Amino acid sequence: MLKLSERMLMAAKMVRSGKIAADIGTDHAYLPAWLVLNNICPSALACDVRKGPLDNARKTVELYGIENKITLRLSDGFDEISPNEAQDFIMCGMGGTLMEELVSRTHWLKDESKRLIVQPQSHSEDIRRFFVRNGFEILFEDACTDGGKLYCAMAAEYTGKIIEKPISYIYSGKLSECRKPEARLMLENTASRLKTKLDAAKNHGTAEDAEYLEKVITELEATINEMQTDG
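1. Section: the packing of aromatic side chains
Here's step 1: A full pass over the atoms with the stated rule returns 7 aromatic pairs.
Here's step 2: Between Phe78 and Trp108, the aromatic rings sit 6.1 Å apart at their centres with planes inclined by 85 degrees, giving edge-to-face as the arrangement. Placement of the pair is Phe78 in the loop between strand S3 (70-74) and strand S4 (88-94) and Trp108 in the loop between helix H4 (96-104) and strand S5 (115-120), with a sequence separation of 30 residues.
Here's step 3: A centroid spacing of 5.9 Å and a plane angle of 35 degrees characterise the contact between Phe130 and Phe136, whose relative ring orientation is tilted. Exposure class is identical for Phe130 and Phe136. Each is buried.
Here's step 4: Feature note: the residues Phe130, Phe131, Phe136 and Tyr158 constitute an aromatic cluster, connected by ring pairs.
Here's step 5: The aromatic ring of Tyr151 is capped on one face by Arg7, whose charged end is 5.5 Å from the ring centroid.
Here's step 6: Directly above the ring of Tyr169 sits Lys165, whose terminal nitrogen or CZ lies 4.9 Å from the centroid.

So this is what it looks like as structure tokens:
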């Protein structure tokens, strides 16, 4: 049976049972294949911007005999996907900045019936900021360690409501509600990274930048101190 890496499994578990999923940037199509093989999704789309990864995806689909359940699609992000082809959309293996770009140009994702599941490799604050400013609610987040590296994943749905959040929210999101030690460690690493940026801002940046970072770090450290973990 097909096994997923810890980081991909974390994202796969956020897909709703019975929904059609689309994996954006699918590479070998392991994730959509796993969803179909485990009867979570009746069918799925495996999409990638390059032909090479789609050739790899085709081999996976043929290996497990699920050609009738997986649609392979050459697509730059969501560009070649029709709005009604899927309900749950997964993006793994790319940075939060690219995720923001792909989602922001796909207006039909502003639909309460759809779910976005994202696992940013970097700059998770960019996709969180987009969600907050554009009426998407982050439902929950998770964290794990895979290959010695920390990863987070989040599920978000469109509500149309733009709700004011704490200044540090784009850096912490719902990780503060995750009871795993990995979630706390991720936030500690984020606070450390922001302290480095703060030092640079004090030496070479503006007073405004430094003040903003100080506020974020103060809030973030308070959040970390309040977190309870099960590990």
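2. Remarks on the state of the cysteines
Here's step 1: As enumerated under the stated definition, the model contains 0 disulfides in all.
Here's step 2: Cys92 carries a free sulfur, and the closest cysteine sulfur to it, the one in Cys144, is 10 Å from it.
Here's step 3: On the basis of relative accessibility, which here comes to 10%, the residue Cys92 falls in the buried class.

3. Notes on the pattern of salt bridges
Here's step 1: Following the criterion strictly, the structure yields 17 salt bridges and no others.
Here's step 2: Notably, a salt bridge pairs Arg16 with Glu157, separated by 4.0 Å at the nearest N-O pair. Separated by 141 residues along the polypeptide, Arg16 in the loop between helix H1 (6-12) and strand S1 (21-24) and Glu157 in strand S7 (residues 149-158) bring together distant segments of the chain.
Here's step 3: Note on Arg16: relative accessible area 19%, which makes it buried.
Here's step 4: Across the pair Arg184 and Glu188 runs a salt bridge whose closest N-O atoms are separated by 3.3 Å. Highlighted residues: Arg184 and Glu188, both in helix H7 (residues 181-204), separated by 4 residues, approximately one helical turn.
Here's step 5: Owing to a relative accessible area of 26%, Arg184 belongs among the partly exposed residues under this scheme.

4. A word on H7
One turn of the α-helix equals 3.6 residues, which is why residues spaced by three or four share an orientation.
Here's step 1: The end-to-end C-alpha separation of H7 is 35 Å, in line with the 34 Å expected for 24 residues at 1.5 Å each.
Here's step 2: All buried positions along H7 are accounted for by Ala183, Met186, Leu187, Thr190, Ala191, Leu194, Leu198 and Ala201.
Here's step 3: Residues of H7 that are buried in the fold lie against strand S6 (136-146), S7, helix H6 (169-172) and helix H8 (207-226).

5. A look at the pairing of S4
Here's step 1: Counting buried residues along S4, 6 of its 7 residues qualify, which places the element largely inside the surrounding structure.
Here's step 2: Across 6 bridges, S4 lies against S5 in parallel orientation. Opposite Met94, over in S5, you have Pro120 as the bridge partner.
Here's step 3: Handedness of the β-α-β unit built from S4, H4 and S5 comes out right-handed.

6. A short note on the environment of Leu185
Here's step 1: Along the chain, Leu185 falls in helix H7.
Here's step 2: Exposure remark for Leu185: the relative accessible area of 38% places this residue in the partly exposed category.
Here's step 3: Spatially, the C-alpha atoms of Leu185 and Ile66 are 39 Å apart, while their sequence positions differ by 119 residues.

7. Remarks on the sheet that holds strand S2 (residues 44-48)
Here's step 1: In space, the 7 strands of this open sheet follow the order S3-S2-S1-S4-S5-S7-S6, with mixed pairing throughout. Bordering the open sheet on either side are S3 and S6, each of which pairs with just one other strand. Adjacent strand axes in the sheet meet at a mean angle of 15 degrees when their direction is disregarded.
Here's step 2: Note that S5 and S7 share 4 bridges and pair antiparallel. The residue bridging Leu116 from the neighbouring strand is Ala156, located in S7.
Here's step 3: Strand contacts of helix H3 (residues 51-63): S2 and S3, with the helix running at about 170 degrees to S3, the strand carrying the most contacts.

Rules and cut-offs
Residues numbered from 1 in each chain as written. Predicted model: local features only at pLDDT ≥ 70, side-chain atom pairs only at ≥ 80, totals over all residues. Heavy atoms only, no water. Phe/Tyr/Trp six-rings, centres within 6.5 Å; stacked < 30°, edge-to-face > 60°. Helix = DSSP H or I, 4+ residues; strand = E, 2+ residues; numbered from the N terminus. Buried < 20%, exposed > 50% of the residue type's maximum accessible area, 1.4 Å probe, protein only. Lys NZ or Arg CZ within 6 Å of the ring centre and 35° of its normal. Disulfide = S-S within 2.5 Å. Salt bridge = Lys/Arg side-chain N within 4 Å of Asp/Glu carboxyl O. Expected span 1.5 Å × (residues − 1). Contact = heavy atoms within 4.5 Å. Pairing = 2+ DSSP bridges. Right-handed = clockwise from strand over helix to strand, strands pointing away. Axes fitted to C-alpha atoms, helices over the stretch in contact; angles between N-to-C directions.

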